[in-house]
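Now for the letters of each chain:
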Amino acid sequence: MSEKEVLLTLDGLKKLEDELEFLKSVKRREVAERIKVAIGYGDISENSEYEDAKNEQAFIEGRVITLEKMLRNARIINNDDVDIETVSVGSIVTLEDMEFNENVEYTIVGTAESDPLHNKISNESPVGRALLGKKREVVVDVQVPAGVIQYKIIDIKK
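Presented here is an overview of the structure given in this document. (Residues numbered from 1 in each chain as written. Predicted model: local features only at pLDDT ≥ 70, side-chain atom pairs only at ≥ 80, totals over all residues. Heavy atoms only, no water.)

Looking only at helices and strands, the chain features 3 helices and 7 strands. Its helices and strands taken in sequence order, the chain reads β-α-α-β-β-β-β-α-β-β from the N to the C terminus. Taking 158 residues into account, the globule formula puts the C-alpha radius of gyration at 15 Å, and the chain, at 21 Å, lies well above it. With respect to the three principal axes, the spread of C-alpha positions in the chain is 70 × 35 × 30 Å. Surface accessibility of the chain: about 9900 Å² in total, with carbon and sulfur atoms responsible for 51%. (Helix = DSSP H or I, 4+ residues; strand = E, 2+ residues; numbered from the N terminus. Rg over C-alpha atoms; globule rule 2.2 N^0.38 Å. Areas by Shrake-Rupley, 256 points an atom, 1.4 Å probe, with all protein chains shown as cover.)

See below:
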C-alpha cells in the first residue's frame, strides 16, 4: 500500500521539521528524566508519576513516527508553482460571502498544515475542495451541514 502524499508549503515544512527536532532533542530527554525520577520513588506498579511519564513517552514517540512519515511523503508547494489565475494549494484567496456581504481571506494548504483559526484551510475541506481550480469572479457553492454557502472569488494571490 502506498503512503499518502503530504502537501506542504515551505512554512509548513519548517514547522514540522522544527516540531520533530524539538520532540527528539528536548521532549525525549525531559520524559526520560521524569521516568528516571519516578522509578526512584520505588514500586512502579502503583506509581502514577511513572504511568504519566510512560504515557507521555508513548505519545511523543507516536508523534515522532507520524512527523517522520509526513516529511518522508512531503511534496513541497513552492511559491513559484502557485498560479494566480486559478485557485490551487498555496493560493491566498479573497472571498466574498454572498449572504453576509463580508470578505474573508484564506490560504489553501495541505491537510497537514491546516489551521482554520489562522485562515489556513485544507484543500480537502469543503471550502477548499469547492475553490480548487476556480478563477476570479466565479461564485462557488459550498455544501455545509447547515446548507449551502455561496462565495464569490474576489482575488487570488501567492
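Next comes the rest of the account.
Right, let's talk about helix 2 (residues 48-72) for a bit. The end-to-end C-alpha distance of helix 2 is 36 Å, a good match for the 36 Å that 25 residues give at a rise of 1.5 Å each. Those residues of helix 2 hidden inside the fold are in contact with strand 1 (6-9), helix 1 (10-39) and strand 2 (74-77). A distance of 3.1 Å separates the backbone nitrogen of E49 from a side-chain oxygen at the start of helix 2, and that oxygen is part of N47. (Expected span 1.5 Å × (residues − 1). Contact = heavy atoms within 4.5 Å. Polar contact = N/O pair within 3.5 Å; in protein donor to acceptor, adjacent residues only side chain to side chain.)

So, on to the layout of surface pockets. Estimated volume of the largest pocket: approximately 220 Å³. Lining the largest pocket are 14 residues, with T9, D11, N79, G90 and T107 positioned closest to its centre. Of all the elements in the fold, those that place two or more residues in the lining of the largest pocket are helix 1 and strand 4 (102-109). A class-by-class count of the residues in the lining of the largest pocket yields 5 nonpolar, 5 polar and 4 charged. Considering only enclosed or pocket space, the second largest pocket measures out at about 190 Å³ in volume. If you trace the second largest pocket, you find it lined by K4, E5, V6, L7, K69, M70, N73, G110, T111, A112, N123 and E124. When residues of the lining of the second largest pocket are traced back to their parent elements, those giving at least two are strand 1 and helix 2. Classifying every residue of the lining of the second largest pocket by side-chain character gives 4 nonpolar, 4 polar and 4 charged. (1 Å grid on protein atoms, 1.4 Å probe; cavity = no way out; pocket = protein on both sides within 12 Å on 5 of 7 lines; lining within 4 Å. Points joined across faces, edges and corners; volume = space filled by probe spheres on them. Nonpolar A, V, L, I, M, F, W, Y, C, P; charged D, E, K, R; others polar.)

Below, the discussion takes up the sheet that holds strand 3 (residues 92-97). Across the sheet, 5 strands lie side by side as 5-4-3-7-6; this open sheet has mixed pairing. With partners counted over all chains shown, the strands left at the sheet margins are strand 5 (120-122) and strand 6 (139-144), one partner each. For this sheet, the mean angle separating the axes of adjacent strands, direction not counted, is 45 degrees. For strand 3 and strand 4, the ladder comprises 6 bridges, and the chain directions are antiparallel. Bridge pairing links I92 to T107 in strand 4. (Pairing = 2+ DSSP bridges. Axes fitted to C-alpha atoms, helices over the stretch in contact; angles between N-to-C directions.)

The next point concerns the pairing of strand 4. Linkage of strand 3 to strand 4, two consecutive antiparallel strands, is achieved through a turn of 4 residues, within which N101 is found at a positive phi near 55 degrees. Bridge analysis of strand 4 against strand 5 gives 3 bridges, and the strand direction is parallel. Bridge pairing in strand 5 places T107 opposite K120.

Time to look at the environment of V142. Secondary-structure assignment places V142 in strand 6. Between the C-alpha atom of V142 and that of I60, which follows or precedes it by 82 residues, the distance is 37 Å. Once you skip the residues sitting within four places of it in the chain, V142 turns out to touch P126, V127, A130, G147, V148, I149 and Y151.

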